[in-house]
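What follows is the residue order along each chain.
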There are 2 protein chains.
Amino acid sequence: MSTRREFIASGSAVVGATLLAGAALGAETPKVNRRIVLAKRPQGEPTPADFRLEEVPIAALKDGEMLLQTVYLSLDPYMRGRMSEAASYAASTELDQVMIGGTVSRIVASRNSRFKEGDLVNSFSGWQEYQVSTGMGITPLDPRIPKPSYALGVLGMPGLTAYVGTLDLGTPKAGETLVVAAATGAVGSVVGQIAKIKGLRAVGIAGGPEKCEYAVKELGFDACIDHRDANMPGLLKQACPKGIDVYFENVGGAVWDAVLPLLNTHARIPLCGLIAQYNATSLPAGPDRSSQLMATFLVKQIKVQGFIISTYYNRQAAFINDMSIWIRERRIKYREDITKGLENAPEAFMGLFKGNNFGKLLVQVSE
Amino acid sequence: MSTRREFIASGSAVVGATLLAGAALGAETPKVNRRIVLAKRPQGEPTPADFRLEEVPIAALKDGEMLLQTVYLSLDPYMRGRMSEAASYAASTELDQVMIGGTVSRIVASRNSRFKEGDLVNSFSGWQEYQVSTGMGITPLDPRIPKPSYALGVLGMPGLTAYVGTLDLGTPKAGETLVVAAATGAVGSVVGQIAKIKGLRAVGIAGGPEKCEYAVKELGFDACIDHRDANMPGLLKQACPKGIDVYFENVGGAVWDAVLPLLNTHARIPLCGLIAQYNATSLPAGPDRSSQLMATFLVKQIKVQGFIISTYYNRQAAFINDMSIWIRERRIKYREDITKGLENAPEAFMGLFKGNNFGKLLVQVSE
């Protein structure tokens, strides 16, 4: 990252020979980093032109630094927010900067006494093959994690989001009904399975019959509604004969419109995402239903709690403990959708908003 | 109430002589009840034609019954919801039924061993001078209440609403900023003073300079903004230099629009009323801002909690204890706006939506 400013290229960059000559890397350490930067800010849905693949030299390690090689890169809906100029809960990615993202990385060279070569770590290296790191924010992979990639999904940020949202904010009670969309995704699949563990009726919403069948047969949802069905609101109502007590909100849009009239008194709405509206370029046409929305929250005594998972890292230990047990006992099943090659990250990411992925979306950047 | 069906009159009713002859009341007990019924459902703001004053005979007391005489009738915004056909959190008042409402009543005759003549009780007798009661839902006035009328305000439902909303749902921390509208009203005035007791900056919103001055000089708000000022949003922003951490929502409308951009991350919104929109007959024009509203709750990790005070009666003992101490110590001040005579209840009630009252609105129905 330290060489970024020298190598802002308009197309794919050529590695500067003079800078490479100045790099004091060992014989075996790589000298070139491939990375994907934000080329321009998307208008609506991201397109390939919003990304740019670059090659840049890797600077020599200083004392205390280490070189991380990305093994798995996580692709998540929140990244769309960082591509926009408008302030969100975190700063935007600046133009020509590497796209941010959580990774599982391997230490390929270390001048940091706390980390040794060959170890796998949790990192936030972003959309690139290598990153020079001081070790700040880097943690070793928990030994209870059965597969390294799980640290980016069911035992990582999406899993913790499902855990905190469902248990801490959703306060589920046996016999209640929980609804979650993107029911086969990294978050939704775990939300539904936790609901089942806690004795709730779990109703999923997913895109297409194959995902719906998987949600019911493999994940154990009581029902799953295809949001592409023209009668989605009617089907959802049928699937929730006692109304909805917990709606784990991660999509917004048409699903939210179908959920709202089914909410019971004292319903809880943990709100962690609104993927259906991330690419919107203008507000929907009127009338303005926001006052009606607040009136519904009032008369039904509903709790809405927006949350960003970084606020809840104090729950990490309990989460890893519970989740690793549930996975071992096969009470939580988990599916991944892995794309190979950094260069394919933009297309895979764009597919997130079309529901092309089936399971947690990852890019395998190296073996 | 038991004679209601016999005496549905189209104008003011004349007491039926035959029924009166059948009533076996003692020499001193009153024989005629005056009451105000819902004559028709308001379209938008209530008008005098929506109410009807009637006189009906009082039935003889049976064993276990007692006759209550209304001393004070509370007038509250929630009553507007009961006048509408649409289901709210409680059933609508039916046409030709007595308008509902909390009262402080005196027992003028009793054939119930649990209650004795002359005592004052909390009742829900509605907009009428007398009510025959079995004692169900009737409780003696708490001896710590310094004035009977306080049982309908600072030591009653509005006070409990302020207490639960501010403390339990608002979770205030010293140094934070709380905003509340209707700042000199029954609820808002208590909300602001509790915030001051807890070490917060309290900013009120009220209608006109006289109320604003009272909020600051008498109630101890740090600032109070006149919502009639064309620059209300700008003034509110100036009054909240560190943003808003707790917004106690009881009005909605233009105040809510001004509050929303000032909310801090992790803000809490106890939501107990939306008086500014109770008389709306249609949704506001577009665009539809409801998706934007949810996005704000998400990125700012805001908690919205709709609440109806009847859910929180388990907090009554702690509330009466704390509040009676605060009143005794002059840390909570309280103002009443008392209209005399049942016949003036409709006009007083209609004035609530125009901000005509200055302090808790009551009708003194008898001495």
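Conventions adopted
Residues numbered from 1 in each chain as written. Chains lettered and ligands numbered in written order. Predicted model: local features only at pLDDT ≥ 70, side-chain atom pairs only at ≥ 80, totals over all residues. Heavy atoms only, no water. Helix = DSSP H or I, 4+ residues; strand = E, 2+ residues; numbered from the N terminus. Rg over C-alpha atoms; globule rule 2.2 N^0.38 Å. Buried < 20%, exposed > 50% of the residue type's maximum accessible area, 1.4 Å probe, protein only. Areas by Shrake-Rupley, 256 points an atom, 1.4 Å probe, with all protein chains shown as cover. Lys, Arg positive; Asp, Glu negative; His and termini not counted. Charge placed at Lys NZ, Arg CZ, Asp CG, Glu CD. Domains from an automatic or database assignment. Contact = heavy atoms within 4.5 Å. Buried area = accessible area lost by both parts, 1.4 Å probe. Salt bridge = Lys/Arg side-chain N within 4 Å of Asp/Glu carboxyl O. Pairing = 2+ DSSP bridges. Axes fitted to C-alpha atoms, helices over the stretch in contact; angles between N-to-C directions. Core = buried A, V, L, I, M, F, W, Y, C linked by side-chain atoms within 4.5 Å. Least-squares fit on C-alpha atoms with pLDDT ≥ 70 in both. Disulfide = S-S within 2.5 Å. Expected span 1.5 Å × (residues − 1). Arc of directions from axis to C-beta. Phe/Tyr/Trp six-rings, centres within 6.5 Å; stacked < 30°, edge-to-face > 60°. Parallel < 35°, antiparallel > 145°, perpendicular 65-115°, else oblique. Nonpolar A, V, L, I, M, F, W, Y, C, P; charged D, E, K, R; others polar.

### Points about the overall build of chain A
Turning to step 1, where the next piece is worked out: Regarding its fold elements, chain A presents ten helices and 15 strands.
Turning to step 2, where the next piece is worked out: In terms of overall size, chain A behaves like a compact globule, its C-alpha atoms giving a radius of gyration of 22 Å where 367 residues would be expected to give roughly 21 Å.
Turning to step 3, where the next piece is worked out: Buried positions account for 57% of the 367 residues belonging to chain A.
Turning to step 4, where the next piece is worked out: Of the roughly 15,200 Å² that chain A leaves accessible, carbon and sulfur atoms contribute 52%.
Turning to step 5, where the next piece is worked out: Averaged over its 39 positive side-chain charges, chain A has a centre that lies 5 Å from the centre of its 35 negative ones.

### Describing the domain arrangement of chain A
Residues and elements named next belong to chain A.
Turning to step 1, where the next piece is worked out: Its domain assignment divides chain A into domain 1 (4-152 + 337-364) and domain 2 (157-328).
Turning to step 2, where the next piece is worked out: In this structure, domain 1 and domain 2 have C-alpha centres spaced 30 Å apart.
Turning to step 3, where the next piece is worked out: With 22 residues of domain 1 in contact, the opposing surface of domain 2 contributes 17 residues.
Turning to step 4, where the next piece is worked out: Both faces considered, domain 1 and domain 2 share a buried interface measuring about 1,500 Å² in area, 68% of it formed by carbon and sulfur atoms.

### Some thoughts on the interface of chain B and chain A
Turning to step 1, where the next piece is worked out: Of the residues lining the interface, 36 residues belong to chain B; the matching set on chain A comes to 36 residues.
Turning to step 2, where the next piece is worked out: Summed over both sides, the interface of chain B with chain A buries roughly 3,200 Å², with 65% coming from carbon and sulfur.
Turning to step 3, where the next piece is worked out: Of all residues in chain B, the largest losses of buried area upon contact with chain A belong to D288(B), M294(B) and L298(B), amounting jointly to 22% of the total for that side.
Turning to step 4, where the next piece is worked out: Across the contact surface, chain B and chain A share two salt bridges.

### Focus: the environment of P261(B)
Residues and elements named next belong to chain B.
Turning to step 1, where the next piece is worked out: Assignment of secondary structure puts P261 in the loop between α7 (253-259) and β12 (263-271).
Turning to step 2, where the next piece is worked out: Note on P261: relative accessible area 58%, which makes it exposed.
Turning to step 3, where the next piece is worked out: For P261 and N344, which are 83 residues apart along the polypeptide, the C-alpha to C-alpha distance reads 41 Å.

### Some remarks on the pattern of salt bridges
Residue and element names in this part refer to chain A.
Turning to step 1, where the next piece is worked out: One pass over the structure, following the stated rule, counts 46 salt bridges over all chains.
Turning to step 2, where the next piece is worked out: Salt-bridge contacts for K40 lead to D50; the nearest nitrogen and oxygen are separated by 3.2 Å. Taken together, the residues span a long stretch of sequence, with K40 in the loop between β1 (32-38) and β2 (51-57) and D50 in the loop between β1 and β2 at a distance of ten residues.
Turning to step 3, where the next piece is worked out: Looking at K40, the relative accessible area reads 40%, which means it is partly exposed.
Turning to step 4, where the next piece is worked out: Between K196 and D222 there is a salt bridge, with its nearest N and O atoms 2.8 Å apart. Of this pair, K196 sits in helix α4 (residues 188-197) while D222 sits in the loop between α5 (209-217) and β10 (223-226), placing them 26 residues apart in sequence.
Turning to step 5, where the next piece is worked out: Within the structure, one salt-bridge network assembled from shared partners comprises R35, R52, E54 and D96.

### Observations concerning the environment of N264(A)
Turning to step 1, where the next piece is worked out: Structurally, N264(A) can be placed in strand β12 (residues 263-271).
Turning to step 2, where the next piece is worked out: In this structure N264(A) touches K242(A), G243(A), I244(A), D245(A), K300(A) and I302(A), once residues within four positions along its chain are discounted.

### Looking at the sheet that holds strand β8 (residues 177-181) of chain A
Turning to step 1, where the next piece is worked out: Read across the sheet, twelve strands follow the order β10(A)-β9(A)-β8(A)-β11(A)-β12(A)-β13(A)-β13(B)-β12(B)-β11(B)-β8(B)-β9(B)-β10(B) without closing on themselves; strand pairing throughout is mixed. Where the open sheet ends on each side, the last strands, each with one partner, are β10 of chain A together with β10 (223-226) of chain B. Across the sheet, the axes of successive neighbouring strands diverge by a mean angle of 15 degrees, strand direction being ignored.
Turning to step 2, where the next piece is worked out: Sheet topology note: the strand β11 (residues 244-248) of chain A/β12(A) ladder contains two bridges and is parallel. Looking at the pairing, I244(A) lines up with L263(A) of β12(A).
Turning to step 3, where the next piece is worked out: Most of the contacts of α4(A) go to β8(A), to which it runs at about 170 degrees, and overall it touches β8, β9 (201-206) and β11 of chain A.

### A few points about the nonpolar core
Turning to step 1, where the next piece is worked out: Formed by 104 residues in total, the largest nonpolar core has its most connected members in W127(A), F297(A), W127(B) and F297(B).
Turning to step 2, where the next piece is worked out: Residue contacts for F297(A): discarding those within four places in its chain leaves W256(A), I269(A), I302(A), V304(A), L271(B), M294(B), F297(B), V304(B) and G306(B).

### Side note on the relation of the copies chain B and chain A
Turning to step 1, where the next piece is worked out: Its rotation angle being 180 degrees, the transformation that places chain B on chain A also includes 0.0 Å of axial translation and leaves an RMSD of 0.0 Å. Between the two chains, the operation in question is that of a two-fold axis. For chain B, the residue whose C-alpha comes nearest the rotation axis is G286(B), separated from it by 1.6 Å.
Turning to step 2, where the next piece is worked out: Both copies share a contact surface, since 100% of the interface residues of chain B are interface residues in chain A too.

### Some thoughts on the state of the cysteines
Turning to step 1, where the next piece is worked out: Per the stated rule, a full pass over the model turns up zero disulfides over all chains.
Turning to step 2, where the next piece is worked out: Not part of a disulfide, C240(A) finds its nearest cysteine sulfur in C224(A), a span of 11 Å.
Turning to step 3, where the next piece is worked out: What makes C240(A) buried here is its relative accessible area of 3%.
Turning to step 4, where the next piece is worked out: A disulfide-free cysteine, C272(B) has its sulfur positioned 17 Å from the sulfur of C224(B), the nearest such atom.

### Notes on helix α9 (residues 316-328) of chain B
Residues and elements named next belong to chain B.
Turning to step 1, where the next piece is worked out: Taking 1.5 Å as the rise per residue, α9 with 13 residues should run 18 Å; its terminal C-alpha atoms sit 18 Å apart, in good agreement.
Turning to step 2, where the next piece is worked out: When α9 is considered as a whole, its buried residues turn out to be F319, I320, M323, S324, W326 and I327. End-on, the buried residues of α9 take up no more than an arc of 160 degrees, which puts them together on one face. Exposed and facing more than 90 degrees away from the buried side of α9 are A317 and R328.
Turning to step 3, where the next piece is worked out: In the core, the buried residues of α9 are packed alongside α3 (157-169) and α4 (188-197).
Turning to step 4, where the next piece is worked out: R330 lies just past α9 and shows a positive phi near 60 degrees.

### Quick word on the packing of aromatic side chains
All names here are of chain A.
Turning to step 1, where the next piece is worked out: The full count for this structure, using the stated rule, is 24 aromatic pairs over all chains.
Turning to step 2, where the next piece is worked out: Where Y214 meets F358, the ring centres are 5.3 Å apart and the plane angle is 90 degrees; that geometry is what we call edge-to-face. With Y214 in helix α5 and F358 in the loop between α10 (345-352) and β15 (360-364), this residue pair connects regions lying 144 residues apart in the sequence. Each member of the pair, Y214 together with F358, is buried.

### Brief notes about the packing of helix α3 (residues 157-169) of chain A against helix α9 (residues 316-328) of chain A
All names here are of chain A.
Turning to step 1, where the next piece is worked out: Two elements in contact, α3 and α9, have axes whose closest approach is 10 Å; the angle formed by their N-to-C orientations is 100 degrees. When the axis of α3 is compared with that of α9, the two are roughly perpendicular. Contact residues: G159, L160, Y163 and L167 in α3; Q316, A318, F319, D322, M323 and W326 in α9.
Turning to step 2, where the next piece is worked out: Classifying every residue of the contact of α3 with α9 by side-chain character gives seven nonpolar, two polar and one charged.

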